[in-house]
Amino acid sequence: MGLVGEENGVADSLGIGKNNKYKRMGSEVDDGHDDFDDDLIRYQRQLEKGKSTRRYVIACAVFASLNNVLLGYDVGVMSGAILFIQEDLKITEVQEEVLIGCLSIISLFGSLAGGRTSDAIGRKWTMGLAAVVFQAGAAVMTFAPSFEVLMVGRFLAGVGIGLGVMIAPVYIAEISPTVSRGSLTSFPEIFINLGILLGYISNYAFSGLSAHISWRVMLAVGILPSVFIGAALFIIPESPRWLVMQNRVDEARSVLLKTNEIESEVEERLAEILLAAGIGNNAEKYEEKPVWRELLSPSPALRRMLITGFGIQCFQQITGIDATVYYSPAIFKQAGIKGNSNLLAATVAVGVTKTVFILVAIILIDRLGRKPLLYISTIGMTVCLFSVGTTLAFLKEGQASITMAILSVCGNVAFFSVGIGPVCWVLTSEIFPLRLRAQAAALGAVGNRVCSGLVAMSFLSVSRAITVAGVFYTFSAISALSVVFVYTLVPETKGKSLEQIASLFEDQSVWKGDEVEMGDVEHLMQKK
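Let us look at the structure shown here. (Residues numbered from 1 in each chain as written. Predicted model: local features only at pLDDT ≥ 70, side-chain atom pairs only at ≥ 80, totals over all residues. Heavy atoms only, no water.)

## Topic: the pattern of salt bridges
Inspection of the entire model under this criterion finds 8 salt bridges. Arg248 is the salt-bridge partner of Glu251, the closest N and O atoms lying 2.9 Å from each other. Accessibility expressed as a relative area gives 38% for Glu251, which makes it partly exposed. Under the relative-accessibility criterion, Arg248 is labelled partly exposed at 33%. Each of Asp119, Arg123 and Glu174 takes part in salt bridges that share partners, so that together they form one network. (Salt bridge = Lys/Arg side-chain N within 4 Å of Asp/Glu carboxyl O. Buried < 20%, exposed > 50% of the residue type's maximum accessible area, 1.4 Å probe, protein only.)

Pasting the structure below:
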């Protein structure tokens, strides 16, 4: 009786109990058990397929994010390697600023090229190209005998990083199911943080070598992640949305079947993608303007998308995160920490904090939503940046100054990782329509890299003019402005398909941050 009771409970939960009255040749009881067994088998198969699909999509997101380890590693490792490069190559302070900051400026060329490249050869092979270019740059830097050769390697590495950083979130957003897109599209930011942490650990691990050897080993280790990317290209599929743009609809359907747990939704998603790509009845409408011309003279809806996407990318960097990470040894030195080993050990704490809190964002981004995390992040960063400035301005060197500096810097990177760090990339991969997505996201990445480069290249010069404390007070004020930007110009995109999100920007009140229910989104799409 106990077994029968359990079976009936499962059957009722599946909706296959007493209402199933199929009759064959045997008794009603036998018929009921036959139907129950069939439905239970189907249910178990669906559960197994769901688990398999989730593992597959997660693996794709992980492999696509490996290029971002390269960016993070470079940011982290250069903060310590520069101490030894200075000693070995006798570079000036200006050359130090150029060497550190130029990577972000150079990477904009990779990001700009990435939009057209990914539309031409596909999202997947653009990631492979990014890895090859970075490997070449890292090899040149490792064996560089002079500052000039080091800059050549830096140029190649920057182009490779620009390609990889731009394409990873676009690819992941395009293969992810709607319900988990936010978490999965945050993976690149996780891997940036992991790269930064590995860079810090590399600094500490190889700091005992001679000045001539240590920085070369530190930079050479950065080649390793890109080796795994080559193997990943033979495992991950191409983006189904790119395949549709190439009229390879059957291949796109095959990928959607692998990346969606519920098979019945595949045709619905495919129909949305076909409509967004302009295939079929709407094709003529989309062929009227080339992509670049549409971006230069955007419709009101596209203008709203560009302001939101470009703005959030710029705010991510002009609040000073790269300066905080690159120059954290200099900040801690001013706070009173002595010795290269102690300075590098303190930066490891920053890297651990940054990596741990990005995991918090992964858990919350599809539950709490994009905007709440942005509010928490930008408000928290404003307070912590103000605290860094106050610590450096008013506390004399000593234990109190060191403790406050470490807590404030770690707090700043923690709030960054919880919100604007990952959400920035999630939003810019979500909000643009399909045929514009890669090149529009590339423009956002360009804004991000330009702002990062300007902040990193000017930090030392500006801090000499207005003090390091003054720079952090400025960052705090800019962070306060980012709170206003999020409130007025960023809509909530949680739980909506990529095609539905594009429709949000048709309505100006939605763009200004008003909450919209799913029914309203569907109404907008029908209206469109």
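## Description of the state of the cysteines
With the rule as written, the count across this model stands at 0 disulfides. Unpaired in this structure, Cys410 has its nearest cysteine sulfur neighbour in Cys384, at a distance of 9.7 Å. Here Cys410 falls in the buried class, since its relative accessible area comes to 12%. (Disulfide = S-S within 2.5 Å.)

## Digging into the packing of helix 5 (residues 123-142) against helix 6 (residues 147-175)
At a minimum axis separation of 7 Å, helix 5 and helix 6 run at an interaxial angle of 160°. By the angle class used here, helix 5 and helix 6 are roughly antiparallel. The two elements helix 5 and helix 6 cross, and the hand of that crossing is left-handed. Partitioning the contact of helix 5 with helix 6 into residue classes produces 19 nonpolar, 5 polar and 3 charged. (Axes fitted to C-alpha atoms, helices over the stretch in contact; angles between N-to-C directions. Helix = DSSP H or I, 4+ residues; strand = E, 2+ residues; numbered from the N terminus. Parallel < 35°, antiparallel > 145°, perpendicular 65-115°, else oblique. Left-handed = near helix turned anticlockwise from the far one by under 90°. Nonpolar A, V, L, I, M, F, W, Y, C, P; charged D, E, K, R; others polar.)

## Considerations on the side chain of Ser408
Tracing the backbone shows Ser408 in helix 21 (residues 399-418). On the accessibility criterion, Ser408 (4% relative accessible area) is buried. Excluding anything up to four places from it in sequence, Ser408 contacts Cys384, Ser387, Val388 and Thr391. (Contact = heavy atoms within 4.5 Å.)

## Details of helix 3 (residues 66-89)
Of all the bends in helix 3, the largest measures some 40° and sits at Met78. Judged by how many residues are buried, helix 3 sits mostly within the fold: 20 of 24 residues are covered. Positive backbone phi, approximately 55°, marks Lys90, located one or two places after helix 3. (Bend = angle between axes of the 7 residues up to and from the residue.)

## Considering the packing of helix 20 (residues 370-394) against helix 21
At their nearest, the axes of helix 20 and helix 21 sit 8 Å apart, and the two run at 160° to each other. Between helix 20 and helix 21, the angle falls in the class roughly antiparallel. Crossing of helix 20 over helix 21 shows left-handed handedness. Contacts between helix 20 and helix 21 involve Leu373, Ile376, Ser377, Gly380, Met381, Cys384, Leu385, Ser387, Val388 and Thr391 from the first element and Ser401, Met404, Ala405, Ser408, Val409, Gly411, Asn412, Phe415, Phe416 and Val418 from the second. Split into classes, the residues belonging to the contact of helix 20 with helix 21 amount to 12 nonpolar, 8 polar and no charged.

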